[in-house]
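An overview of the molecular structure
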Amino acid sequence: GGYAGIKNMRFRILDTPILWTPIMIFPLKTKRQSGLLPLSQGVWNTDYKFMIPFFWAISDWADMTFTPGFIFGNHGPRFLWEGRYQLTPGSSGRVGFSYQMDQTATVTPSIVMHRWHVDFQGRQELPLGFDSRIRILELSDNVYPNSGYGDVPGDREPVATSDASIWSGPFDYLSGYATVRRS
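Residues numbered from 1 in each chain as written. Predicted model: local features only at pLDDT ≥ 70, side-chain atom pairs only at ≥ 80, totals over all residues. Heavy atoms only, no water.

Along the chain, Arg78 turns up in strand 8 (residues 76–88). Along the sequence, Arg78 and Phe50 sit 28 residues apart, while their C-alpha atoms lie 9.3 Å from each other. (Helix = DSSP H or I, 4+ residues; strand = E, 2+ residues; numbered from the N terminus.)

Take a look at the structure:
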């Protein structure tokens, strides 16, 4: 498997040209590889959003996605990063980070200018049939989840939670649990 290419591609809806590109290349390989992903663009609230994701296949069990971009209008530069790993079928994790230089902070005092979120979710197989799970969610401010960026799990929820648990047995009954809630 190599690559397939299309030259002078036009995308039309009802004979109306919508998109033109001089060349597009598609991989026919089944093995993961690093490279640019399709760009993300569109209207976000009333502003235009433009993001360019890059996928890095670090190994067969780990990868990362870096996504720089810009939200035109009143928001500004934006950056997303996500890393994933899977050591075994039962041991895996994901960490996500986003940063938004929110220029609406100069107009709305309750919004901080440098907004960010970090979200880590991990699962680890333990001896004797136990399984541990952890989720840590940290935010720059309490208004961030309600901003509509869409990158925070539980978007639009009144609280952000971080929790850890230990599970055991074939029925996944709860044997230990801790949680932290912030409002």
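Next comes the rest of the account.
We now examine the layout of surface pockets. Computed from the structure, the largest pocket encloses a volume of approximately 580 Å³. Looking at the largest pocket, it is lined by 17 residues, and the ones nearest its centre are Ile25, Gly35, Leu36, Leu37 and Pro38. Sorting the residues of the lining of the largest pocket by element identifies strand 2 (16–27) and strand 3 (35–36) as the ones contributing at least two each. Per-element tally for the lining of the largest pocket: the top contributor is strand 2, with four residues. (1 Å grid on protein atoms, 1.4 Å probe; cavity = no way out; pocket = protein on both sides within 12 Å on 5 of 7 lines; lining within 4 Å. Points joined across faces, edges and corners; volume = space filled by probe spheres on them.)

Our focus in this paragraph is the confidence of the model for the chain. With 77% of its residues at a pLDDT of 70 or more, the chain has an overall mean of 80. Across the chain, the secondary-structure element scoring lowest on mean pLDDT is strand 13 (residues 173–182), at 50, and the one scoring highest is strand 6 (residues 54–57), at 96. (pLDDT = per-residue confidence, 0-100.)

Summed over the entire model, instances satisfying the criterion amount to three aromatic pairs. Summarising the aromatic geometry, the rings of Phe70 and Phe72 are spaced 4.8 Å apart at their centres and angled 55 degrees between planes, so their arrangement reads as tilted. By relative accessible area, which is 40% here, Phe72 ends up partly exposed. Connected via pairs of aromatic rings, a cluster forms that spans Tyr48, Phe70 and Phe72. (Phe/Tyr/Trp six-rings, centres within 6.5 Å; stacked < 30°, edge-to-face > 60°. Buried < 20%, exposed > 50% of the residue type's maximum accessible area, 1.4 Å probe, protein only.)

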